[in-house]
Amino acid sequence: MKKNFLLRLWQYVHLRFPFFSVLLLTLLVGLSVSLLSWRLGFEHSYILVVLIAFMFFIFLFKLMVLDELKDFAHDSKYYPDRPIQKGLLSLLELKLLGITAFLIELLITLFLGYGISLTVFVLASIYTFFMYKEFFVGAFIKSKLLLYLILHELVFVFVYFWLFFFGINNPFTINRSMFWQLILFILTIVLIEVARKSRFKLDENASKDTYSARYGLHFVSIVLVALSCLLSVSLFLFMESLSYLLSRHLIFSIFLSSFPLPFVLNYLNHKSRDSSKTLFYGISIYCVFVYLGMIIFLKYE
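Residues numbered from 1 in each chain as written. Predicted model: local features only at pLDDT ≥ 70, side-chain atom pairs only at ≥ 80, totals over all residues. Heavy atoms only, no water.

Asks: I'd like to hear about the overall build of the protein chain, residue by residue, with values.
Replies: What the protein chain contains, in helices and strands, is 15 helices and zero strands. Against the globule reference of 19 Å for 301 residues, the protein chain gives a C-alpha radius of gyration of 20 Å, in line with a compact fold. A principal-axis box enclosing the C-alpha atoms of the protein chain has dimensions of 55 × 50 × 35 Å. Within the span of the protein chain, comprising 301 residues, buried residues form 50% of the whole. Pairs at least 24 residues apart make up 74% of the contacts formed inside the protein chain by residues separated by at least 6 positions. Accessible surface, the protein chain: about 15,000 Å² in total, of which carbon and sulfur atoms supply 71%. Averaging the coordinates of the 26 positive side-chain charges in the protein chain and doing the same for the 17 negative ones gives two points 3 Å apart. (Helix = DSSP H or I, 4+ residues; strand = E, 2+ residues; numbered from the N terminus. Rg over C-alpha atoms; globule rule 2.2 N^0.38 Å. Buried < 20%, exposed > 50% of the residue type's maximum accessible area, 1.4 Å probe, protein only. Contact = heavy atoms within 4.5 Å. Areas by Shrake-Rupley, 256 points an atom, 1.4 Å probe, with all protein chains shown as cover. Lys, Arg positive; Asp, Glu negative; His and termini not counted. Charge placed at Lys NZ, Arg CZ, Asp CG, Glu CD.)

Asks: Please set out the side chain of Gln181 residue by residue, giving values where relevant.
Replies: Structurally, Gln181 can be placed in helix 10 (residues 176-196). Looking at Gln181, its side chain comes within polar contact range of the main-chain oxygen of Ser32, at 3.1 Å. Filtering out sequence-adjacent residues up to four positions away, Gln181 remains in contact with Ser32, Val33, Leu36, Tyr160, Phe164, Phe238, Met294 and Leu298. (Polar contact = N/O pair within 3.5 Å; in protein donor to acceptor, adjacent residues only side chain to side chain.)

Asks: Account for the packing of aromatic side chains, with residues named and values stated.
Replies: Counted by the stated rule, this structure contains 28 aromatic pairs. The interplanar angle of 40 degrees and the centroid separation of 5.2 Å between the aromatic rings of Phe121 and Trp162 together place this pair among those described as tilted. Here Phe121 is found in helix 6 (residues 115-132), whereas its partner Trp162 is found in helix 9 (residues 155-164), with 41 residues between them in sequence. Members of the aromatic cluster, connected to one another through ring pairs, are Phe42, Phe56, Phe59, Phe102, Phe121, Phe156, Tyr160, Phe161, Trp162, Phe164, Phe165 and Phe185. (Phe/Tyr/Trp six-rings, centres within 6.5 Å; stacked < 30°, edge-to-face > 60°.)

Asks: With reference to specific residues and values, describe the side chain of Ser232.
Replies: In this structure, Ser232 sits in helix 12 (residues 217-242). What Ser232 contacts, discounting residues up to four positions off in sequence, is Ser253, Leu256, Ser257 and Tyr286.

In structure tokens, the structure reads:
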């Protein structure tokens, strides 16, 4: 007899979905997006912050559920010890969770959003469906891991505008500050994803479904450093788009860009299995610092 569903769900989330880390990320994204809309003269409230963060959290959870469903056969072959493969949740339960997450997003957007937010949500949902179907060319894009990454991260362009225009009854517009915040948003997701799918060499398997297995440690390390630098440069250009260029903004951006280096070098040395976990945590902390810097700037500069 299976345990209580909610208990099994929590166990699954604990094993496959870093609840508190994702919660922190979604809150930081919600606050930064809402503060920028306030700086640009749109409506701002902390209720909106919570709603935006909640919707982003639900969206990320839904993406994880869809990934579990579409990769079930692959994971059963190469990762038989994962919770879904071991029967912690059934495929039917996963499907119901995905449908529930979508309905929550839809209802909140219908009743509390406005035209632009709803339109972009529909576009994001259509794109997510194509992601779930692997764009109907699954074998091809899975063989091109960088193309796979790009196609799957493009959905966050729609997600950004869905979140930004939620609760705003204004015509669609985009300016320099919104553009750079969008770039920051996308780069953050990409950086975390690359770090998440980079492993210790002894933990790789025959599927070669990680960036480290496909492209090697040196290439992945260079990409992580490059993405970190781009993220810091984007933060600097974001701040520059809203105020006069100040030396402290430049110093802060340069300092931030150097933060991930020790974690990347530790991963490159590859002396223990913990190096990949340390890399992921280091990159995640770096992204938190970037968003905290953006929030402090939006609030007090």
